[in-house]
Amino acid sequence: MGGPTLAELILSRVSGRDVRAGELVIAPVSRVMVHDSVIDAVMSGLRALGREKVWDTSRVCVFVDHAAPAPTPVVADSHRVLRGWVRDQGIATFYDAGEGVCHQIMVEEGYCEPGTVIVGSDSHSNSYGAVGTFGAGMGATDIAVALALGRTWLRVPASIKVTFTGRPRRGVTIKDAIMRVVREIGTDGARYACVEFHGAGELPQGDRITLAGMTTEMGAKAGIVVGTPEAPEWLRPSADAAYVREVTVDLSTLEPQIAIPPRVDQVSDVSEARGIPVDVVFLGSCTNGRVVDMRQAAEVLRGRRIHPRVRLEVVPSSRRQFEDAMADGTLGVLSAAGAVIGTSGCGPCLGRTGGVLAGEEVCFSTANRNYRGRMGSPDASIYLGSPYVAAVAALTGVIDDPRPYLDASDAALDALVARRREERGDRGAASARSGDRARELVAAMPLRSEPWVVGMEVED
Amino acid sequence: MARAWVFGDDLDTDQIVPGRYAPFMVGQDRFHTYAFCDARPDFAKDVREGDVLVGGENFGCGSSREYAVAALKKHGIGGIVAKSFARIFFRNCVNLGIPVVEAPDPLAVVRDADEVTLDLAAGLLRAPRGDVQLRPVPAFARQILTAGGVVAYLREHGDFPSVS
Ligand code: SF4
């Protein structure tokens, strides 16, 4: 038997015995993350367990981010109850509406201790792997149990090794890299598994959040980046660790990627989807709502106005990201281009606040999910991709390869934008044509012959 | 006798209850009435206690929303048989006491609206075109399901079932 993977290392350490993939552990958690969407169920879970208090008030982080500020009286009531609960419990770590997306704050404010287990009430709690934490999303009852006991049960996941080599070319981002991985692995290919990222430890922390968080879109239990600056020395997978699958992506040849609705793993090179018209562009979410992402969009949009038929909504992922983007003028550039700047938080990512989509509308989003109905009407469609592609879509009204737009002279850029706008035409809702294109693209995609089945059982 | 509701692969929790109908958007007493409202508009109206959901690969993928499972619980779903389950969904079902059982290829045997019987003791889903052999439920999950969910288990035993 080889040495341990990162998941095996962490779960062995916290459970106090040497465990390998497939074994069950009862794991102490270093923190529990709870957000507004599920607080009612979490509180009633605690009550049902007969527990008055959480096990440790200093280790619980609570966020109002998923529908914030409250869009309806029912939500407002739920938030009011949540605030009362936080006060009664004496939980100090509380971020109210406008502070940002839970995962962004958990990582950037240092709540994620590398080498420990954190469970969160949100499926993108995998994001904590950005700093070497085993983060796993769980349902409300699991969270209530973790709040009551300070422990959770886990089956030690098998691991998939993803290795990045080379550096991406200009205009290609880590979002493209992770979408390339999703393209390879599929929405269920990492089910029950931990995705271990090699060759990404040196990336900026925000890029590592993009990677770790999007392992959720492959069904993973956790996604952890190897060799981050935050991680302690012991947190290194063994050179002979056993992986169920290995994927290598050469970043130096990577093209910008987009996901075709309604699946995250229907991914193609952006060049194949060139010309698909969009009505709405959303730049934000825990995947791509940081200042770096807003700066990338601003590179494209500086000194220009977005297409008159397109709405651009920009939602910083946290107050810190918002303030940084304000301080360096990025938000000013985006606003001048015609963007609506939304409250830091989840915003339109899940169709609860901000600009929800009408039927037939086509959205280009930098978030992580494009399921039917995710951002509003079930008849809307959502393409996913990088902030560069998002900015180009806002500017031209169509999906296009962003690279010719970067570093182009003013005259060349004007000509390119004019050509794309001309091609797009000026019709109303864009989805009829884009729906046809989407179907063509998906039909041309190679079928994955066998779904990759990872892990032995479905217990967790 | 129960009815089978058949779904395909990769049924995501947004299909079960769309996020815009979360309990805290529409109220604790109403969210389950939106179960499958986009994917199967007849479901909430026609589903009967004890009915069985049958699916393919990766049943319940996507968001971790437990209320998707709570909605099924409120409708009295007797169990879910699928080729495989997404892990959070699987956990949520175990925690709330809905039997989730894997079977090699249930879609090959069961058609939508079939009259079926979920016989967990015998490890079978009995259907008009034949019986579907169910995979055994792992011991740890079985103990929690037998208690009626993790809350009942913990109330009774004070701690998780033993892992070794
Ligand atoms: S930004 Fe979107 S994906 Fe991220 S936690 Fe919020 S709703 Fe979930």
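Rules of the game
Residues numbered from 1 in each chain as written. Chains lettered and ligands numbered in written order. Predicted model: local features only at pLDDT ≥ 70, side-chain atom pairs only at ≥ 80, totals over all residues. Heavy atoms only, no water. Helix = DSSP H or I, 4+ residues; strand = E, 2+ residues; numbered from the N terminus. Rg over C-alpha atoms; globule rule 2.2 N^0.38 Å. Buried < 20%, exposed > 50% of the residue type's maximum accessible area, 1.4 Å probe, protein only. Contact = heavy atoms within 4.5 Å. Areas by Shrake-Rupley, 256 points an atom, 1.4 Å probe, with all protein chains shown as cover. Lys, Arg positive; Asp, Glu negative; His and termini not counted. Charge placed at Lys NZ, Arg CZ, Asp CG, Glu CD. Pairing = 2+ DSSP bridges. Right-handed = clockwise from strand over helix to strand, strands pointing away. Salt bridge = Lys/Arg side-chain N within 4 Å of Asp/Glu carboxyl O. Axes fitted to C-alpha atoms, helices over the stretch in contact; angles between N-to-C directions. pLDDT = per-residue confidence, 0-100. Arc of directions from axis to C-beta. Buried area = accessible area lost by both parts, 1.4 Å probe. Polar contact = N/O pair within 3.5 Å; in protein donor to acceptor, adjacent residues only side chain to side chain. 1 Å grid on protein atoms, 1.4 Å probe; cavity = no way out; pocket = protein on both sides within 12 Å on 5 of 7 lines; lining within 4 Å. Points joined across faces, edges and corners; volume = space filled by probe spheres on them. Nonpolar A, V, L, I, M, F, W, Y, C, P; charged D, E, K, R; others polar. Domains from an automatic or database assignment. Phe/Tyr/Trp six-rings, centres within 6.5 Å; stacked < 30°, edge-to-face > 60°. Lys NZ or Arg CZ within 6 Å of the ring centre and 35° of its normal.

**Q** I keep staring at the overall build of chain B and nothing clicks. Help me out?
**A** A tally of regular secondary structure across chain B gives seven helices and seven strands. Listing each helix as α and each strand as β along chain B from the N terminus yields β-α-α-α-β-α-β-α-β-β-β-β-α-α. Over its C-alpha trace chain B gives a radius of gyration of 15 Å, about what one expects of a compact globule, namely 15 Å for 164 residues. Seen along its three principal axes, the alpha-carbon backbone of chain B occupies a region of about 45 × 40 × 25 Å. Buried positions account for 63% of the 164 residues belonging to chain B. Considering only intrachain contacts with a sequence separation of at least 6, the fraction spanning at least 24 residues in chain B is 63%. Here chain B displays about 6100 Å² of accessible surface, and carbon together with sulfur accounts for 49% of that area. Distance from the positive charge centre (18 side chains) to the negative charge centre (21 side chains) of chain B: 2 Å.

**Q** Whenever I open this one, the pairing of strand β3 (residues 60-63) of chain A confuses me. Can you help?
**A** Moving residue by residue along a regular strand, the side chains alternate between the two faces of the sheet. Residue and element names in this part refer to chain A. A two-sided burial pattern is seen for β3, the buried positions comprising Val60 and Val62 on one face and Cys61 and Phe63 on the other. Here strand β2 (residues 31-35) runs beside β3; their pairing, made up of four bridges, is parallel. Its bridge partner being in β3, Val32 is matched across the sheet by Val60. In the classification by handedness, the crossover that spans β2, the intervening helix α2 (residues 39-48) and the parallel β3 is right-handed. By the bridge criterion, three bridges tie β3 to strand β4 (residues 93-95) in an arrangement that is parallel. The residue of β4 that forms the bridge with Val62 is Phe94.

**Q** What is the right way to look at the pattern of salt bridges in this model?
**A** All names here are of chain A. As enumerated under the stated definition, the model contains 40 salt bridges over all chains in all. One salt bridge connects Glu255 with Arg169, and the closest N-O pair in it is separated by 3.0 Å. A residue pair is termed long-range when its members are at least 10 positions apart, and Glu255 in the loop between β11 (245-250) and β12 (257-259) and Arg169 in the loop between β8 (159-165) and α6 (174-185) qualify at 86 residues. One salt bridge connects Glu361 with Arg311, and the closest N-O pair in it is separated by 2.9 Å. Of this pair, Glu361 sits in the loop between β16 (340-341) and β17 (362-365) while Arg311 sits in strand β15 (residues 311-315), placing them 50 residues apart in sequence. Given a relative accessible area of 12%, Glu361 falls into the buried group. For Arg311, a relative accessible area of 41% puts it in the partly exposed group. Connected through salt bridges with shared partners, the residues Arg169, Glu255, Asp401 and Arg403 form a single ionic network.

**Q** Got a minute to help me understand the sheet that holds strand β7 (residues 130-133) of chain B in this structure?
**A** Adjacent strands of a sheet form backbone hydrogen bonds with each other and so pair up, either parallel or antiparallel. All names here are of chain B. Taking strand neighbours across the sheet as the criterion, the seven strands line up as β4-β3-β2-β1-β5-β6-β7 in an open arrangement whose pairing is mixed. A single partner strand is all that each edge strand has here, and the edge strands are β4 (100-102) and β7. Ignoring strand direction, the axes of neighbouring strands in this sheet form an average angle of 30 degrees. Bridge analysis of strand β5 (residues 115-119) against strand β6 (residues 124-127) gives three bridges, and the strand direction is antiparallel.

**Q** Would you take a moment to explain the sheet that holds strand β10 (residues 222-225) of chain A for this structure?
**A** Residue and element names in this part refer to chain A. Across the sheet, which stays open at both edges, the four strands sit in the order β10-β9-β8-β11 with parallel pairing between neighbours. Both edges of this open sheet fall to β10 and β11, since each of them pairs with a single strand only. Across the sheet, the axes of successive neighbouring strands diverge by a mean angle of 20 degrees, strand direction being ignored. Pairing between β8 and strand β9 (residues 194-198): five bridges, direction parallel. Bridge assignment links Lys161 to a residue of β9, and that residue is Glu196. Against the sheet, α6 engages β8, β9 and β11, with an angle of about 135 degrees to β8.

**Q** Even after reading the chapter, I still don't get the confidence of the model for chain A, so can you show me in this structure?
**A** When the pLDDT values of chain A are averaged, the result is 93; 95% of them are 70 or greater. This model gives residues 449-460 of chain A a pLDDT under 50, and the stretch forms 41 contacts once residues within four places in sequence are excluded.

**Q** What am I meant to see in helix α11 (residues 330-337) of chain A here?
**A** A turn of α-helix holds 3.6 residues, and therefore any two residues three or four places apart point the same way. All names here are of chain A. Within the sequence span of α11, burial applies to Thr330, Leu331, Val333, Leu334 and Ala337. The buried residues of α11 occupy an angular sector of 160 degrees when the element is viewed end-on, so they sit on one face. The inward-facing, buried residues of α11 abut α9 (291-301), β15, α10 (319-327) and β16. At the exit of α11 stands Gly338, carrying a positive phi of roughly 115 degrees.

**Q** Where do I start with the interface of chain A and chain B in this structure?
**A** Interfaces are often described in size by the accessible area the parts lose on coming together. With 54 residues of chain A in contact, the opposing surface of chain B contributes 46 residues. Interface of chain A and chain B: buried area, both sides summed, is about 4200 Å²; carbon and sulfur atoms make up 56% of it. Counting every contact that joins chain A to chain B gives 13 residue pairs in polar contact (both at pLDDT 80 or more). Elements with a contribution of two residues or more to the side of chain A that touches chain B: β1 (24-28), α2, α3 (73-89), β6 (134-137), α5 (140-149) and β7 (151-155) of chain A.

**Q** It is not clear to me how empty space enclosed by the protein should be interpreted in this structure. Could you clarify?
**A** Rolled over the atoms, a probe sized like a water molecule indicates the empty space that remains. According to the stated counting rule, one finds two cavities of 30 Å³ or more in the structure shown. The calculated volume of the largest cavity comes to roughly 230 Å³. A class-by-class count of the residues in the lining of the largest cavity yields eight nonpolar, 11 polar and five charged. The two domains that each donate at least three residues to the lining of the largest cavity are domain 1 (6-252) and domain 2 (257-443) of chain A. Quantified by volume, the second largest cavity comes out at close to 180 Å³. Lining the second largest cavity are 20 residues, and of these Thr216 and Gly219 of chain A together with Cys61, Gly62 and Ala86 of chain B sit closest to its centre. Counting contributing residues, the lining of the second largest cavity receives three or more from each of domain 1 (6-252) and domain 2 (257-443) of chain A.

**Q** Would you take a moment to explain the packing of aromatic side chains for this structure?
**A** Working definition: an aromatic ring pair is given by the centre-to-centre distance plus the angle between the planes. Enumeration over the complete set of coordinates arrives at 14 aromatic pairs over all chains. Between Tyr95 of chain A and Tyr111 of chain A, the ring centres sit 6.1 Å apart and the planes meet at 70 degrees, which makes this aromatic pair edge-to-face. Separated by 16 residues along the polypeptide, Tyr95 of chain A in strand β4 and Tyr111 of chain A in the loop between α4 (102-108) and β5 (117-120) bring together distant segments of the chain. Accessibility expressed as a relative area gives 17% for Tyr111 of chain A, which makes it buried. For the ring pair Phe7 of chain B and Phe59 of chain B, a centre distance of 6.3 Å and an interplane angle of 80 degrees mean the geometry is edge-to-face. A residue pair is termed long-range when its members are at least 10 positions apart, and Phe7 of chain B in the loop between β1 (2-6) and α1 (13-16) and Phe59 of chain B in the loop between β2 (52-55) and α4 (66-74) qualify at 52 residues. Overall, the relative accessible area of 7% leaves Phe7 of chain B in the buried class. Looking at Phe59 of chain B, the relative accessible area reads 0%, which means it is buried. An aromatic cluster of three or more residues is present, and its members are Trp5, Phe7, Phe36, Phe43, Phe59, Phe85, Phe89 and Phe90 of chain B. Stacked on the ring of Trp153 of chain A, the Lys or Arg Arg91 of chain B has its end atom at 3.8 Å from the ring centre.

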